[in-house]
Structure formats: C-alpha cells, structure tokens
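# A structural walkthrough
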Amino acid sequence: MSLLSNLTAWWRFDGDLLDASGNGKDWTQGAAASYVTGLINQAARWSGSNAFRAALVTAGPMAVSLWVRPRAAVVAVGVFAQEKGNAPSVTRQLITVNATTSVFTANFNNGVDVPASYTHGAAIAELWWHVVGTNDGTDARLYVNGVLRDTVASVPDYTSVTASDLGFNPNV
C-alpha cells in the first residue's frame, strides 16, 4: 500500500497549494500565501482572517491530520473547517487551536455536540504540533502528537457542505 492509498487529498504546502494526491483538490487563496520553514521542507502561513479554500466535500467517516505551529499572537484559529451553504456564519470548525489557552478541539457536528478537546498544561505557541481529528460516524476523536486525548459521541452533519477552508478565523 502506498502513502497515497485511500487519500482524498494531501497538501504539502511546499511552495504551492496543490493537492499531491492526484485528486485535484487544490486550495485557492482567500489571501496571499506566504511560505516559511516548516517541520519538513516548507509550510504555508496565513493571516487567520482569510482562508485557503478547496472543493473538498466529505460525506462519511473522515480523518483530518495537520501539523500546526500557532503563533503567540493567535487567540483562536479554526485550522480546518467546512462551510455549509457557502457562508462563514454556518461554518463548522473541525479542528481549532487556541494559543492563548493552549486548547485543541475537534468537532464534526456544526457545534451541536461537545467537541473532543485537550488542554495542554504548558504554552503551545511557536511549537510544532501534530493534530488529528477523526469521526467514524459515531464518535469524534482528537489526537495530539500521536496520543489519543479525547473521545466524544458525535454524529456528523454533512448536509449542505459546499467547501473546506484552511486557516479560517471567525474572531478576526
């Protein structure tokens, strides 16, 4: 089995916003992308007020795996989200990171369910974190740096999902 088996999309952000899986799920820019030194090769940096967008719509079990490095000035960022009806007011935050409170969350049901969450006991800003949110149709799970941190009952709501956003911050 290759690394690309069963992937819907894979973005390396190594100087571009292209989908490396070959499935054509490239990001479009809501703001100019800047590229910085990543954990491996490069990473994309966004302002937090304008997201990158892809025509990624899922309807079933899913896993979202991201390497994130929150900046100290960031309060709360919706790292990965899906839009319902193409309006930010109904965006469901799948993965969020709050550098001020050191909280990671995963929520797959439009804010209806209590999200899977983890509060790290120390500052998380300016450090790399591997954050994975999964939903199997019954439970949402949050992994941080390879450790399962929380599991909550969560039946996903995939109705009317029109796009996915990366770097969305409704608080800006």
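Because the structure is a prediction, the values reported are computed rather than measured.

Scanning the chain for helices and strands turns up zero helices and 13 strands. Taken from the N to the C terminus, the helices and strands of the chain come in the order β-β-β-β-β-β-β-β-β-β-β-β-β. Out of the 172 residues belonging to the chain, those deemed buried represent 44%. The long-range fraction of contacts in the chain, counting pairs at least 24 apart against all pairs at least 6 apart in sequence, stands at 54%. A total of about 8,600 Å² of accessible surface is found on the chain, and carbon and sulfur atoms cover 54% of it.

Most of the time, phi is negative for any residue but glycine, and the peptide bond is trans. Despite not being glycine, Phe 13 shows a phi value in the positive range, around 55°. Its place among the elements puts Phe 13 in the segment before strand S1 (28-29).

Let's shift gears to the side chain of Thr 134. With respect to the secondary-structure elements, Thr 134 resides in strand S10 (residues 129-135). With relative accessibility at 17%, the residue Thr 134 sits in the buried group. Leaving out residues up to four positions away in the same chain, Thr 134 has contacts with Met 62, Ala 63, Phe 108, Asp 139, Ala 140, Arg 141 and Tyr 143.

The tally for this structure, following the rule as stated, stands at three salt bridges. Salt-bridge contacts for Glu 126 lead to Arg 69; the nearest nitrogen and oxygen are separated by 3.4 Å. On the criterion of sequence distance, the pair formed by Glu 126 in the loop between strand S9 (116-119) and S10 and Arg 69 in the loop between strand S5 (62-68) and strand S6 (77-84) is long-range, its members being 57 residues apart. Notably, a salt bridge pairs Asp 136 with Arg 141, separated by 3.2 Å at the nearest N-O pair.

This part covers the environment of Leu 94. In this fold, Leu 94 is placed in strand S7 (residues 92-98). Distance in space between the C-alpha atoms of Leu 94 and Val 79 is 7.7 Å, their sequence separation being 15 residues.

Cut-offs used in this document
The numbering scheme is per chain: residues are counted from 1 as the chain's sequence reads. In keeping with the predicted nature of the model, local features appear solely for residues at pLDDT of at least 70, side-chain atom pairs appear and are counted solely at 80 or more, and the whole-chain, interface and lining totals rest on all residues. Note that the side-chain values use all heavy atoms of the structure and ignore hydrogens as well as water. Counting from the N terminus, the helices are the DSSP runs of H or I reaching at least four residues and the strands are the DSSP runs of E reaching at least two. In this scheme, a residue with accessible area under 20% of its type's maximum is buried, one over 50% is exposed, and one in between is partly exposed, where area comes from a 1.4 Å probe on protein chains only. Residues are treated as being in contact if the distance between any of their heavy atoms lies within 4.5 Å. We get accessible surface area from the Shrake-Rupley algorithm with a probe of 1.4 Å; when it comes to residues, only the shown protein chains can shield them. Salt bridge, as applied in this entry: a Lys or Arg side-chain nitrogen positioned within 4 Å of an Asp or Glu carboxyl oxygen.

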